[in-house]
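An overview of the molecular structure
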Amino acid sequence: MKGGVINLLKAKYLVDQGSVKNWRFIVFLVIVAMLMIANTHDYEQKLYRIGELENEVKILRSEFVDRRSELMELKMESTVSRKMEEREIFPSSVPPKKIKVVAEKEKDFWDKLKVWE
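Report on the accompanying structure.

About the criteria used
- In this convention, every chain numbers its residues from 1, walking through the sequence in written order.
- Whole-chain, interface and lining totals are the exception, using all residues; otherwise, since this is a predicted model, local features are given only for residues with pLDDT of at least 70 and side-chain atom pairs are given and counted only at 80 or more.
- To obtain the side-chain values, all non-hydrogen atoms of the structure were used and water was disregarded.
- Helix and strand definitions follow DSSP, with helices as H or I runs of at least four residues and strands as E runs of at least two, each counted in order from the N terminus.
- Burial classes: relative accessible area under 20% of the type maximum marks a residue as buried, over 50% as exposed, and values in between as partly exposed (1.4 Å probe, protein chains only).
- All accessible-area figures derive from a Shrake-Rupley calculation using a 1.4 Å probe, and residue coverage is judged against the displayed protein chains alone.
- The patches reported here contain residues having more than 30% relative accessible area and no salt bridge. Joining distances are 9 Å for like charges and 5 Å for nonpolar side chains (Val, Leu, Ile, Met, Phe, Trp, Tyr).
- Should a side-chain nitrogen of Lys or Arg be within 4 Å of a carboxyl oxygen of Asp or Glu, the pair is scored as a salt bridge.

Further remarks concern the overall build of the protein. What the protein contains, in helices and strands, is 4 helices and 0 strands. Residue burial in the protein is summarised as follows: out of 117 residues, 3% are buried. Split by element, the accessible area of the protein, about 12,300 Å² in all, is 62% carbon and sulfur.

All right, on to a nonpolar patch on the surface then. Residues Trp 23, Val 27, Ile 31 and Leu 35 make up a contiguous nonpolar surface patch of about 400 Å² in total accessible area. Position of Val 27 relative to the elements: it lies in helix α2 (residues 19-75).

Let us now look at the pattern of salt bridges. Within the structure shown, the criterion is met by 2 salt bridges. Residues Glu 52 and Arg 49 are paired through a salt bridge, measuring 3.8 Å at the closest nitrogen-oxygen approach. With Glu 52 and Arg 49 both in helix α2 and 3 residues apart, this pair spans about one turn of that helix. Take Glu 52: its relative accessible area is 48%, and that puts it in the partly exposed class. Across the pair Arg 67 and Glu 70 runs a salt bridge whose closest N-O atoms are separated by 3.6 Å.

The next point concerns unusual backbone geometry. Phi at Glu 88 is positive, roughly 65°, even though this residue is not glycine. Considering the arrangement of structural elements, one finds Glu 88 in the loop between α3 (77-86) and α4 (109-116). Classification of Glu 88 as exposed rests on a relative accessible area of 65%.

Below, the structure written as structure tokens:
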């Protein structure tokens, strides 16, 4: 037991004759650790980006609601009539009348053939 701990502390497993296998494994572990660190870093960057985009969506949605309410207010008849009164254009006291235009029915191919008969 004592010799094993001392050999471990002296890192004899890295300098003995069969140490090539140990070095390969150590390099493999270092590469895997670096890949895991890079993957975690990318994941955290994406999480921060998602958070930023969610905040931007909230801001844009609230701005949209504000603009829509302003538009609805501007489209109201009372607002339009008030703005037109400034230009001395007043609403009509006579209600509008519906005008119906009756178009003559266009003859199709078979009706045109009946004329020739």
